[in-house]
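# Structure assessment
Each chain is listed here by its residues.
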Amino acid sequence: MNKQRIFSGIQPSGNLHLGNYLGAVKNWIKLQNDYDSIFCIVDLHAITVPQTPQELSKKIFEVAKLYLAAGIDPGKSIIFVQSRVNEHAELMWLLNTITKTSDLTKMTQFKDKSAKEANFESVSAGLLNYPILMAADILLYDTNLVPVGEDQLQHIELTRKLGRKFNQQFGETFVIPEEFIRKEGKRIMGLDNPLDKMSKSASSEYNRINLLDSPEIITKKIMKAITDSEQGIEYSDQKPALKNLLNIFSSITNLTPEKIASTYKDNGYKEFKEDLAEAVVDYLKPIQERYNKISDETVKKVLDNGAARARKLAQIKMKEVKKKMGMII
Ligand code: AQP
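Attention now goes to the nonpolar core. Ranked by size, the top nonpolar core spans 62 residues in total, and within it Leu-18, Tyr-21, Ile-41, Tyr-67, Phe-272, Val-280 and Leu-284 carry the most contacts. Per-element tally for this core: the top contributor is helix H12 (residues 269-293), with 11 residues. Domain assignment of the residues forming this core places at least three in each of domain 1 (5-181 + 296-325) and domain 2 (205-291). Membership of the second largest hydrophobic core comes to 40 residues, among which are Val-42, Ile-98, Ala-135 and Leu-158.

With a phi angle near 50°, Asp-142 is a residue other than glycine that sits in the positive phi range. One can find Asp-142 in the loop between helix H7 (125-139) and strand E4 (145-147). By relative accessible area, Asp-142 is classed as partly exposed at 28%.

Counted according to the given criterion, the structure contains one cavity of 30 Å³ or more. Taken as a whole, the largest cavity encloses approximately 30 Å³ of empty space. Listed by contribution, the elements that provide at least two residues to the lining of the largest cavity are helix H6 (108-115) and H7. Looking at the lining of the largest cavity, the element that brings in the most residues is H7, giving three residues. Here the lining of the largest cavity is composed, by residue class, of four nonpolar, two polar and no charged.

Structurally, the protein comprises domain 1 (5-181 + 296-325) and domain 2 (205-291). Taking only C-alpha atoms, the centre of domain 1 and the centre of domain 2 are 30 Å apart. Between domain 1 and domain 2, the residue contacts involve 12 residues of the former and 15 residues of the latter. Scanning the region where domain 1 abuts domain 2 turns up zero salt bridges. Mapped onto the side of domain 1 that touches domain 2, the elements with two or more residues apiece are helix H1 (18-31) and helix H3 (53-70). With five residues, the top contributor of residues to the side of domain 1 that touches domain 2 is H3.

Here the focus is the pairing of strand E2 (residues 36-41). In terms of burial, E2 is largely enclosed, as five of its six residues are buried. With six bridges joining them, strand E1 (residues 5-10) and E2 adopt parallel strand pairing. The residue of E2 that forms the bridge with Ser-8 is Phe-39. As for the winding sense of the linkage, the β-α-β connection from E1 through H1 to E2 is right-handed. Across five bridges, E2 lies against strand E3 (residues 77-81) in parallel orientation. What sits directly across from Ile-41, in E3, is Val-81.

Quick look at the layout of surface pockets now. Put simply, the second largest pocket is a space of about 390 Å³. What lines the second largest pocket is a set of 18 residues, among which Lys-183, Arg-187, Tyr-235, Lys-243 and Asn-247 lie closest to the centre. For the lining of the second largest pocket, the secondary structure elements donating two or more residues are helix H10 (240-252) and helix H11 (257-263). Residue contributions to the lining of the second largest pocket peak at six residues, all from H10.

Around the ligand sit 25 residues, and of these His-17, Lys-113, Asp-151, Lys-200 and Ser-201 come closest. For the ligand, an oxygen atom lies 2.5 Å from a polar atom in the side chain of Asp-151. Take Ser-199: an N or O atom from its side chain is 2.7 Å from an oxygen atom of the ligand. In isolation the ligand has 640 Å² of accessible area, and contact with the protein removes 97% of it. Mapped onto the shell around the ligand, the elements with two or more residues apiece are E1, H1 and H6.

Between its terminal C-alpha atoms H10 stretches 19 Å, which fits the 18 Å expected from 13 residues at 1.5 Å a residue. The element H10 is largely enclosed, with a buried count of 10 among its 13 residues. Ala-241, Leu-242, Asn-244, Leu-245, Leu-246, Ile-248, Phe-249, Ser-250, Ser-251 and Ile-252 are the residues of H10 that are buried. The inward-facing, buried residues of H10 abut H1, H11 and H12.

What counts, and at which threshold
- Residues numbered from 1 in each chain as written.
- Predicted model: local features only at pLDDT ≥ 70, side-chain atom pairs only at ≥ 80, totals over all residues.
- Heavy atoms only, no water.
- Core = buried A, V, L, I, M, F, W, Y, C linked by side-chain atoms within 4.5 Å.
- Buried < 20%, exposed > 50% of the residue type's maximum accessible area, 1.4 Å probe, protein only.
- Helix = DSSP H or I, 4+ residues; strand = E, 2+ residues; numbered from the N terminus.
- Domains from an automatic or database assignment.
- 1 Å grid on protein atoms, 1.4 Å probe; cavity = no way out; pocket = protein on both sides within 12 Å on 5 of 7 lines; lining within 4 Å.
- Points joined across faces, edges and corners; volume = space filled by probe spheres on them.
- Nonpolar A, V, L, I, M, F, W, Y, C, P; charged D, E, K, R; others polar.
- Contact = heavy atoms within 4.5 Å.
- Salt bridge = Lys/Arg side-chain N within 4 Å of Asp/Glu carboxyl O.
- Pairing = 2+ DSSP bridges.
- Right-handed = clockwise from strand over helix to strand, strands pointing away.
- Near = heavy atom within 4 Å.
- Polar contact = N/O pair within 3.5 Å; in protein donor to acceptor, adjacent residues only side chain to side chain.
- Areas by Shrake-Rupley, 256 points an atom, 1.4 Å probe, with all protein chains shown as cover.
- Expected span 1.5 Å × (residues − 1).

Next comes the structure, spelled out in structure tokens:
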């Protein structure tokens, strides 16, 4: 029997952080054993907000190396850079023509990111159309399952909507995908603000723990993480900052957050944070060690090979799509 397929990606728009890892990459590593897996570095998505060309190339390479260091195995999974497979942009254009603008303006990510612009009229069309490109990424590969963090749920709902609409209008073409979201790690919040997710683009470095942060920096960031005004370690919605730290602790150990809270219930925040920092440092150490050993040559080969394999699949699908739409005569 053919394996089911998973597809997911990360934008090379900054430093990969613990939220990206616990919400997405950690699940990919397990799933690649049972699914036909495709993992993308979505640079076309990254440029929906301004990027410096030099920095973008560096980040594309860094994300690819981190995929490998984290345990994505190119022997099991396709790893490639989105812009090297033209069919993503091509399918996006076709899906563009069946997408309602009102479905795009109501997207939470669009609202959040466009709100950061001083003037709404100057928000790029790319930022608005971002979810159509994501739908193209997923539908292009007959994806069954999309392992992501919770923030991407709305985009996957739109992907399903567009896939169904196309199938109805032009005949059965696309597999309709489901999201794969694990309870643990599905939304890691900022260390400086427990009401917003940890994010690459947050202005303060104290918002996130980057996967390549040194032990000293990790410790400093966790010790400075905001905690709730009332003392006492408990896992509760009334203490969102502490709840987030307990969720992180839980995601990197096999312990429930309630169990960890009960272990520290008689301790102060300082001791709890010191132990959490040590646990995070130990958790990231093997990834960082592997990262430092992977050569640029290896990354280049993996990306060349991945692009060739992805392109082959994408070209077959695009031919079918264009035929259905009456473009291949
Ligand atoms: N805080 C988070 N908690 C859990 N999962 C998260 N993800 C992102 N942040 C968290 C998941 O990581 C994957 C890759 O995300 P992305 O690069 O496509 O963009 P994003 O979701 O917008 O992530 P960032 O870090 O906040 O980037 P910027 O600031 O550039 O927009 C996705 O599966 C996402 O769910």
